[in-house]
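# Structural description and commentary
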Amino acid sequence: MSENGSGKIARGRPLERRNPLSGLPDLRRFGVNPDFWYPVAPSRSVRGGQVAATAFAGERMALFRGRSGAIHALEDRCAHRQVPLSMGVVDGETLRCCYHAWAYRGDGRISQIPYLAKGDGRPPRGVRAYPVREAYGLVFVFPGDPEKAAVTPLPEVPDFASPQYRTMTFSRTVRCHYSFMHENLLDMNHQFLHRGVVGKLQPQLLGYRSDQRSVEARYLFTHTGGKRNRSARLLASEGIGSQASSDVMTIRTEYPYQTLDLVPESAERPALRLWAVYVPEDAEQRTCHAYGLLMIKRPRIPAALQVAWPFIRHFTERVFAEDRMAVEAEQRAWDEQGEDRNHEVFPLILDVRDVLRANGVPLRPRAAAETSTAPCDGRACDDPAPRADPGSGHVSAW
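Here's a quick rundown of the structure.

A few words now on the pairing of strand β18 (residues 257-263). Across the 7 residues of β18, 5 count as buried, placing the element largely inside the fold. In the sheet, strand β17 (residues 246-254) pairs with β18 via 7 bridges, with the strands oriented antiparallel. Directly across from Thr253, in β18, lies its bridge partner Gln258. Of the strand pairs in this sheet, β18 and strand β19 (residues 272-280) are connected by 5 bridges, and their pairing is antiparallel. From the neighbouring strand, Asp261 faces β19, where its bridge partner is Arg273.

Structure representation (structure tokens):
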């Protein structure tokens, strides 16, 4: 383990396109590692008997909840005519395509083709099913090697169910590569961006440590003047946001997730805790969906938090909107320049880039990803050999 950036971290695998300034592979050309559990929807968005469309890194998925309440995640296409299954209808524990009513079980297998007579032909095997679990009010899927799902734990969010905290859930699309989001949260030197909301905050890096999978930084925050948004002072009864408070913030990227704890001066427990992850939506991973769980410590007077809740959400939404403005501007610059020209000098951010590079998966160039396939007449190609999904190590069942 290296302290304060003094140690070395294994570099990512070499790519043809490199940062012209650092000589390292361009981080924005790395995708997230699919062999982890990722949220793809809030649980409340998939009600009983309903279907919802979602995506992970260009892989479209159909989520549906059967009669039993169990949720399933299928590749979002019918094996018959490729119509999205997210347009379908839930029938008991199966999902029927809206076009010809082909029925699919939760494992992706076809259970019925209503009009098919005996001897009419051998139907395809079905579509890919993803391991799926529900936790923390979110639907998690495992988009990587399905054999690794059972041995890969869900992320830990210790105080989600604690009676001492109340949780606020965030779900927002951000038009940027997920790495910009990791950098934004870890690099607290950008408080000037939020000066209209939090006033003048002076962050002081107390220290940080990094290893192959993680980077953790500790900051001391001191309010040094300026008008502070009233909502900032409603985050907890411990004094967060008061003009004289000094708060210690610990931020950690534990690949692929991020956490933040803020402990006010003289407090024993964090006044707020954040868990976040940034899930790519498109194949080129230029857009991600940010999921966040913000746990706020209940004050001594419980009703106070209930009254303050709308103001706290408004405050956090304002801060997030400013962050989103900045990271989307960074992504636009990358798109215009065609490469990463960032002049990064902060050792902490250089380390987290190494972690994201070393644990991520190089993205395929668009030209290589676009391959042609031979036409199929519906008989000779109804049950082709499984196709490997490059970069993920798993096999899709087509």
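All right, on to the sheet that holds strand β7 (residues 89-91) then. One open sheet holds the 4 strands; their spatial order is β7-β8-β9-β10, and the pairing between them is antiparallel. Strand pairing shows two members of the sheet lacking a second neighbour, β7 and β10 (110-112), which therefore form its edges. Strand direction decides the pairing type here: strand β8 (residues 94-96) and strand β9 (residues 103-104), joined by 2 bridges, are antiparallel. For Arg96, the partnering residue across the bridge sits in β9 and is Ala103.

A few words on unusual backbone geometry. For the bond running from Tyr255 to Pro256, omega is 0°, close enough to zero to count as cis. In this fold, Pro256 is placed in the loop between β17 and β18. For Ala57, which is not a glycine, the phi torsion comes out positive at approximately 50°. Assignment of secondary structure puts Ala57 in the loop between β4 (51-56) and β5 (59-65). A positive phi angle is found at Gln285, which is not glycine, with a value near 55°.

Look at helix α2 (residues 178-186) against helix α5 (residues 347-359): their axes get within 10 Å of each other, and the N-to-C directions meet at 145°. The two elements α2 and α5 cross, and the hand of that crossing is right-handed. In this structure, α2 contributes Tyr178, Ser179, His182, Glu183 and Leu186 to the contact, and α5 contributes Leu348, Ile349, Val352, Arg353 and Leu356. A class-by-class count of the residues in the contact of α2 with α5 yields 6 nonpolar, 2 polar and 2 charged.

About the thresholds
- Residues numbered from 1 in each chain as written.
- Predicted model: local features only at pLDDT ≥ 70, side-chain atom pairs only at ≥ 80, totals over all residues.
- Heavy atoms only, no water.
- Buried < 20%, exposed > 50% of the residue type's maximum accessible area, 1.4 Å probe, protein only.
- Helix = DSSP H or I, 4+ residues; strand = E, 2+ residues; numbered from the N terminus.
- Pairing = 2+ DSSP bridges.
- Axes fitted to C-alpha atoms, helices over the stretch in contact; angles between N-to-C directions.
- Left-handed = near helix turned anticlockwise from the far one by under 90°.
- Contact = heavy atoms within 4.5 Å.
- Nonpolar A, V, L, I, M, F, W, Y, C, P; charged D, E, K, R; others polar.

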